[in-house]
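Structural description and commentary
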Amino acid sequence: MKRVYILAVLIWSVLSSTLCTSVLAQSFVTDKGKIEFISKASLETFTGTSNALNGLVDLEKRTIDFYIDLNTLRTGIALRDEHMRETYLETKKYPFAEFTGTLSGYNPARKDTQNVVVVGDFTIHGVKKARTIPGRLFVAANHIYVEARWDVKLSDHNIAIPKVLFLKLADQQDVRMQAQLRRKN
Amino acid sequence: MSKTWPKIALILSAILLPSSAFAQLERVLANPDRPVDDIFKAPKIIGLNSVKQIGKNHLHMSILHTFNGSVSGGIDTFFGIDNGANVRLGLDYGITDDLSVGLGRTSNLKIVDTRVKWTAINQTTQSSPVSVAFMGALSIETIPNRFTVNPQLSDKMGYFAMTMVARKFSDKLSLQASPMLAYFERPVLLPRKTLLGLGIAGRYKLAGRSAVTFETIPILNKPDVLSLPVAIGYDLETGGHVFQMFFTTSTFHTENYIMAYNLDPFWDKKPLFRIGFNVNRVFAL
């Protein structure tokens, strides 16, 4: 009896993995996506960037999953980066920002850049917010290109800006992402 | 019955896992063994250099003041503030993230000093428990008439070497030990040319942006004329600035002169320390 169970499990594992590979033909990944945020306060405007955005888009299941290690963000001033990690984003406790959701408005027949909408959860600083984010999608032979732009209010995610700093750090951050994802086999 | 449950669980997981495993990416840190941030907020703890570097292509400007009079002057000297200040203006530049050079000018004795600081080891989140840095400095007292006989340039020189070993023990507490050697070609106050010190310093964070600091430099071959240098301070960071306010026994801001000109103790029946403050500002070039 024991052998039968083990055999069943084995057969299922093999079956399901082959099934998955056929499904995976529609899924695309990257770990080199670009993300950028722009902080526009009255005294200071600065940009933070990272080229280590990880993403998974599954056009069959219509799901997307993106995350970034916030430690990879750079604003051009080492001390500001350190303050950003230590005091605002608290990357030791909350190393990732993530957005996971479902894709709508995608038309597989279209060969040009199309507008899509993703409904999902955006999490940063450990605080999850339901968001609907419009983006653009282009599907090529073995790659897809995605870009999106949205605002993140720091106060929505429990990131407090000290009063002495409100002239230098904006509460509303303009976030942009751009990524080329390759077909996963 | 109890024997079949694990098997059912196994089969169920085999059915469910392959389909759900690909729905989300596994969260992986880009660099799990990254350098530890913010061991100290500024390149100087108070007067003592910390393992903190300037950063590649960054220019660090520092304005360090300590009032010459001790607070024991009371309201008559406004707690020492009326007696002028010993000011060191400093510029430091980061050649790489681990190597910086600096130039400073101190008003008392009109000292010009240059320094090189190199970080050999950075404390990291996994592999390295401490940061280790080395510093070498050269100073020239440019005050006229310091010596009775016509002094040569070499008579005005001082040399300094220090090793800094620091560790951030927790989000709040960082400590540093710094064995150091100062050599003066022709010291005025001192009966000897060489001073050996062991700098000990610490930082304890209060809230996200402020911290209390302390430092002391016990002199291992201390002449009787000198007292133990001690300072306690308060750091406040605001974006690109770090402000430091402190109580200190010495009016100087470089380790060799902190040791060599420290005449008053911190407290002797009444407070004898001085009030000082530093302003640090970083520019990205």
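As the structure is a prediction and not an experimental result, all values here were calculated from the model. (Residues numbered from 1 in each chain as written. Chains lettered and ligands numbered in written order. Predicted model: local features only at pLDDT ≥ 70, side-chain atom pairs only at ≥ 80, totals over all residues. Heavy atoms only, no water.)

What follows deals with the pattern of salt bridges. For the coordinates displayed, the defined rule picks out 23 salt bridges over all chains. One salt bridge in this structure joins Asp37 of chain B and Arg34 of chain B, with 3.7 Å as the shortest N-O distance. Residue Asp37 of chain B shares its accessibility class with Arg34 of chain B, and that shared class is buried. What emerges from the salt-bridge pattern is a single network uniting Glu86 of chain A together with Asp38, Lys41, Lys168, Arg203, Lys205 and Glu237 of chain B. (Salt bridge = Lys/Arg side-chain N within 4 Å of Asp/Glu carboxyl O. Buried < 20%, exposed > 50% of the residue type's maximum accessible area, 1.4 Å probe, protein only.)

As a further point, take the sheet that holds strand β6 (residues 157-168) of chain B. Residue and element names in this part refer to chain B. Reading around the circumference, β1-β2-β3-β4-β5-β6-β7-β8-β9-β10-β11-β14 is the order of the 12 strands in this closed barrel, with antiparallel pairing throughout. In this sheet, adjacent strand axes meet at a mean angle of 20° when their direction is disregarded. In this sheet, strand β3 (residues 99-106) lies alongside strand β2 (residues 85-96) in antiparallel orientation, the contact comprising eight bridges. Its bridge partner being in β3, Leu91 is matched across the sheet by Leu103. (Pairing = 2+ DSSP bridges. Helix = DSSP H or I, 4+ residues; strand = E, 2+ residues; numbered from the N terminus. Axes fitted to C-alpha atoms, helices over the stretch in contact; angles between N-to-C directions.)

Residue and element names in this part refer to chain A. In this structure, Ile35, Leu59, Phe66, Trp150, Met177 and Leu181 are the most contacted members of the largest nonpolar core, which totals 37 residues. The element contributing the most residues to this core is strand β7 (residues 143-153), with five residues. Apart from residues no more than four positions distant in its own chain, Trp150 is found in contact with Ile35, Phe122, Arg131, Ile133, Gln173, Asp174, Val175 and Met177. (Core = buried A, V, L, I, M, F, W, Y, C linked by side-chain atoms within 4.5 Å. Contact = heavy atoms within 4.5 Å.)

Turning our attention to the sheet that holds strand β2 (residues 45-58) of chain A. Within a sheet, adjacent strands bond to each other through the backbone by hydrogen bonds, running parallel or antiparallel. Residues and elements named next belong to chain A. Pairing is antiparallel in the closed barrel, where eight strands are placed in the order β1-β2-β3-β4-β5-β6-β7-β8. For this sheet the average axis-to-axis angle between neighbouring strands, irrespective of direction, equals 25°. Two elements, β2 and strand β3 (residues 63-69), share six bridges in a ladder whose sense is antiparallel. Among the inter-strand pairings, Asp58 is bridged to a residue of β3, identified as Thr63.

All right, on to helix α2 (residues 78-88) of chain A then. Across the 11 residues of α2 of chain A, nine count as buried, placing the element largely inside the fold. What α2 of chain A keeps buried is the set Leu79, Arg80, Asp81, Glu82, His83, Met84, Arg85, Thr87 and Tyr88 of chain A. Buried-residue contacts for α2 of chain A involve β1 (27-40) and β2 of chain A together with β10 (230-238), β11 (241-248) and β14 (274-284) of chain B. The positive-phi residue at the C-terminal boundary of α2 of chain A is Glu90 of chain A, with phi of around 45°.

A separate point is the packing of aromatic side chains. Across all of its chains, the model carries 16 aromatic pairs over all chains by this definition. A centroid spacing of 6.0 Å and a plane angle of 50° characterise the contact between Phe67 of chain B and Phe277 of chain B, whose relative ring orientation is tilted. Note that Phe67 of chain B is positioned in strand β1 (residues 58-67) and Phe277 of chain B in strand β14, a separation of 210 residues in sequence. Residue class for Phe67 of chain B comes out buried when judged on its relative accessible area of 12%. On the basis of an interplanar angle of 65° and a centroid distance of 6.0 Å, the ring pair of Phe78 of chain B and Phe79 of chain B is categorised as edge-to-face. The partly exposed category is assigned to Phe78 of chain B, whose relative accessible area is 45%. Taken together, the aromatic side chains of Phe184, Phe252, Tyr257 and Tyr261 of chain B make up a single cluster linked through ring pairs. In this arrangement the basic side chain of Arg80 of chain A is found over the ring face of Phe46 of chain A, its NZ or CZ atom lying 4.2 Å from the centre. Taking NZ or CZ as reference, Arg281 of chain B lies 5.4 Å from the ring centre of Phe283 of chain B, over its face. (Phe/Tyr/Trp six-rings, centres within 6.5 Å; stacked < 30°, edge-to-face > 60°. Lys NZ or Arg CZ within 6 Å of the ring centre and 35° of its normal.)

All names here are of chain A. Sheet topology places β3 next to strand β4 (residues 96-104); seven bridges connect them, and they run antiparallel. Residue pairing in the sheet places Asp69 in a bridge with Phe96 of β4. Note that β4 and strand β5 (residues 114-124) share seven bridges and pair antiparallel. Bridged to Thr102 within β5 is Val119.

Time to look at the confidence of the model for chain B. Overall, the predicted model of chain B reaches an average pLDDT of 88, with 89% of residues at or above 70. pLDDT under 50 marks residues 18-22 of chain B. Its contacts with residues more than four places away, or in other chains, come to nine contacts. (pLDDT = per-residue confidence, 0-100.)

Residue and element names in this part refer to chain A. By the element assignment, Val127 lies in strand β6 (residues 127-139). The sequence separation of Val127 and Asp156 amounts to 29 residues, and the corresponding C-alpha distance is 8.0 Å. Contacts of Val127, omitting those with residues within four sequence positions, involve Phe122, Asp156, His157 and Asn158.

Mapping Ile54 of chain B onto the fold places it in the loop between α1 (4-20) and β1. If we ignore the near neighbours within four places in the chain, the residues touching Ile54 of chain B are Pro43, Leu59, His60, Asp92, Tyr93, Gly94, Ser100 and Arg115 of chain B.

The topology assignment puts Glu237 of chain B in strand β10. Within the structure, the side chain of Glu237 of chain B is placed 2.9 Å from the side chain of Lys41 of chain B, a separation counted as a polar contact. The residues contacting Glu237 of chain B, other than those within four sequence positions of it, are His83 and Thr87 of chain A together with Lys41, Arg209 and Val242 of chain B. (Polar contact = N/O pair within 3.5 Å; in protein donor to acceptor, adjacent residues only side chain to side chain.)

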